[in-house]
Amino acid sequence: MGHTILKNATIIDCTGADPKPNGWVVIQDQRIKEVGHGRTGALPAQATVIDCQGQTLLPGLIDGHVHTGSVDPSIVEQQHRLRTSTLVIRSLKVLKETLDQGFTTARDCGGVDAGFRQAVDEGWVPGSRLSVSGAILSQTGGHGDWRLPSETYAPIYHPAGVSSTVVDGVDAVRRAAREQLRQGVDFVKIMASGGAASPSDELDTSQYSLEEMKTAVFEAESAGKYVAAHCYSDRGIKLCCQAGVRTIEHGNLMTEASAKLMKECGTYLVPTMATYVMISKLGKELGLSDDFVRKINQALDKAETSLAYALAHGVKVGSGSDLLGPMQTSKGIEMELQGRVMGPMAALIATTRTNAEIIQREKDLGTIEAGKLADFVLVKGDPLKDLGLFKNYHDNLTLIIQGGKVHKNILSQGR
Ligand SMILES: [Zn+2]
């Protein structure tokens, strides 16, 4: 591919440094060769030069919690109604739209398998570079058990969509974790509390015993991977910390005591505020049940408090959108929502540097530094003044580069 030079950009490199005007970046093949501001040194001849017109250059964004396989607003409905092939084909659209929103990388917290990751890496489909958990491990009646309370047949394994596997007891959890790891997942996801989308549980319950969680963690760590847990309840968060779970997804019913415990254990929090706001607003219109919307409002109510507890106690905070079905095109609002609690720069860093750490790709991703993969998003406007600009990604994201390859460039179309 040779060299590409991005010049005349205000660079927010997301290392924590202040923005630097008049910045430039030299890209060689897939990686960043050099970054600077002011005058450039001798530049490689025959390079492609892109004038960033003073706009703000950020590292490629990372969504720390997506469900590429969620194509309908209701997970329970889609898993009942849609064929495997339909789920896969429709997931590809979600995957591309995630990249269109500036997320050059995404962590799929349940649903798609390693084949999706491979398809992006090999260039078969446009989309965010993926870190995947494959099928989520859930206990009977847990957040990944999609049966209605009225249904008494054994749980069915769904290979696509929001895929989950219902397994109880240490041996079954061990086998299921090993099976997902065998299939090439990047981490193992467990359901450690009730959730909004599941028909048989409440947010403030805890799911899986300490022994079952420890087993999942042991197996994941044996393979050099980690466990992420869907968890709202305080009791669940405490059990996860004791078991060695690495990331708590959601975490809304956290108390200060469990925030302290997370800090002690080095557990990350991945807040997912976007999905509460969107479902609370659109859930009824999209046909979601009253019960679903009731539980989402309960989560929304505590979303800012739990994030504030985590920040006050020094917990490392990432960022995820967790949006479902047609709401998936609003991924950018997560930064704005988190920014209200943590400030704009911290929200940007959560979405880039910290999320890169969470997916264990900090050597390659998350900041604009020499040696890293050339993932960038160029933004019209100042995100430190208005994090809301990511919502209108069609107009406000003028350049998206992933691994040195230009996915979008509308810089020439007016200023
Ligand atoms: Zn989720």
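Each remark here, short or long, concerns the structure printed above.
Here we summarise the structure given alongside this text. Every value quoted in this text rests on a predicted model; they were computed, and no experiment measured them.

1. Some thoughts on the pairing of strand β15 (residues 376-379)
Line of reasoning, step 1. Burial of the side chains of β15 extends over both faces: F376 and L378 are buried on one face and V377 and V379 on the other.
Line of reasoning, step 2. Where strand β5 (residues 56-59) and β15 come together, four bridges link them in antiparallel fashion. Paired with L58 across the strands is V377, a residue of β15.
Line of reasoning, step 3. Pairing of β15 with strand β16 (residues 397-402), which is carried by four bridges, proceeds in the antiparallel orientation. Among the inter-strand pairings, V379 is bridged to a residue of β16, identified as L397.

2. Observations concerning the packing of helix α4 (residues 170-182) against helix α5 (residues 210-222)
When two helices pack together, their arrangement is captured by the angle between the axes and the distance separating the axes.
Line of reasoning, step 1. Put simply, α4 and α5 touch, their axes get as near as 9 Å, and they point 30 degrees apart. Here α4 lies roughly parallel to α5, going by the angle between them. Between α4 and α5 lies a crossing whose hand is right-handed. The segment α4 lies against α5, with V170, V173, R174, A177, R178 and L181 engaging E211, E212, T215, A216, F218, E219 and A220.
Line of reasoning, step 2. For the contact of α4 with α5, a count of residues per class yields seven nonpolar, one polar and five charged.

3. Topic: the layout of surface pockets
Line of reasoning, step 1. Volume-wise, the largest pocket comes out at about 420 Å³.
Line of reasoning, step 2. Put simply, the parts of the chain that give the lining of the largest pocket at least two residues each are α3 (114-121) and β17 (405-409).
Line of reasoning, step 3. Here the element with the most residues in the lining of the largest pocket is β17; it accounts for three residues.
Line of reasoning, step 4. A class-by-class count of the residues in the lining of the largest pocket yields seven nonpolar, six polar and four charged.
Line of reasoning, step 5. Of the voids in this model, the second largest pocket is the one considered here, and its volume is about 210 Å³.
Line of reasoning, step 6. As for the second largest pocket, its lining consists of 14 residues, of which S74, V76, A197, S289 and F292 are closest to the centre.
Line of reasoning, step 7. The set of elements that each furnish at least two residues to the lining of the second largest pocket consists of α1 (75-81) and α9 (290-312).
Line of reasoning, step 8. Sort the elements by how many residues they give to the lining of the second largest pocket and α9 lands first, with three residues.
Line of reasoning, step 9. Broken down by class, the residue content of the lining of the second largest pocket amounts to seven nonpolar, four polar and three charged.

4. Some details on the pattern of salt bridges
Line of reasoning, step 1. One pass over the structure, following the stated rule, counts 22 salt bridges.
Line of reasoning, step 2. One salt bridge in this structure joins R129 and D375, with 2.5 Å as the shortest N-O distance. Of this pair, R129 sits in strand β8 (residues 129-132) while D375 is found in the loop between α11 (344-358) and β15, placing the two residues 246 residues apart along the sequence.
Line of reasoning, step 3. Among the salt bridges present, the one from K372 reaches E369, with a minimum N-O distance of 3.7 Å.
Line of reasoning, step 4. Exposure remark for E369: the relative accessible area of 34% places this residue in the partly exposed category.

5. As for the environment of S164
Line of reasoning, step 1. One can find S164 in strand β10 (residues 164-166).
Line of reasoning, step 2. What makes S164 buried here is its relative accessible area of 3%.
Line of reasoning, step 3. Sequence separation between S164 and I5 is 159 residues; the distance between their C-alpha atoms is 44 Å.
Line of reasoning, step 4. Contact partners of S164, with chain neighbours within four places excluded, come to A135, I136, G144, W146, Y157 and H158.

So, how was this worked out
Residues numbered from 1 in each chain as written. Predicted model: local features only at pLDDT ≥ 70, side-chain atom pairs only at ≥ 80, totals over all residues. Heavy atoms only, no water. Buried < 20%, exposed > 50% of the residue type's maximum accessible area, 1.4 Å probe, protein only. Helix = DSSP H or I, 4+ residues; strand = E, 2+ residues; numbered from the N terminus. Pairing = 2+ DSSP bridges. Axes fitted to C-alpha atoms, helices over the stretch in contact; angles between N-to-C directions. Parallel < 35°, antiparallel > 145°, perpendicular 65-115°, else oblique. Left-handed = near helix turned anticlockwise from the far one by under 90°. Contact = heavy atoms within 4.5 Å. Nonpolar A, V, L, I, M, F, W, Y, C, P; charged D, E, K, R; others polar. 1 Å grid on protein atoms, 1.4 Å probe; cavity = no way out; pocket = protein on both sides within 12 Å on 5 of 7 lines; lining within 4 Å. Points joined across faces, edges and corners; volume = space filled by probe spheres on them. Salt bridge = Lys/Arg side-chain N within 4 Å of Asp/Glu carboxyl O.

Bear in mind that shape data such as this cannot, by itself, settle questions of function.
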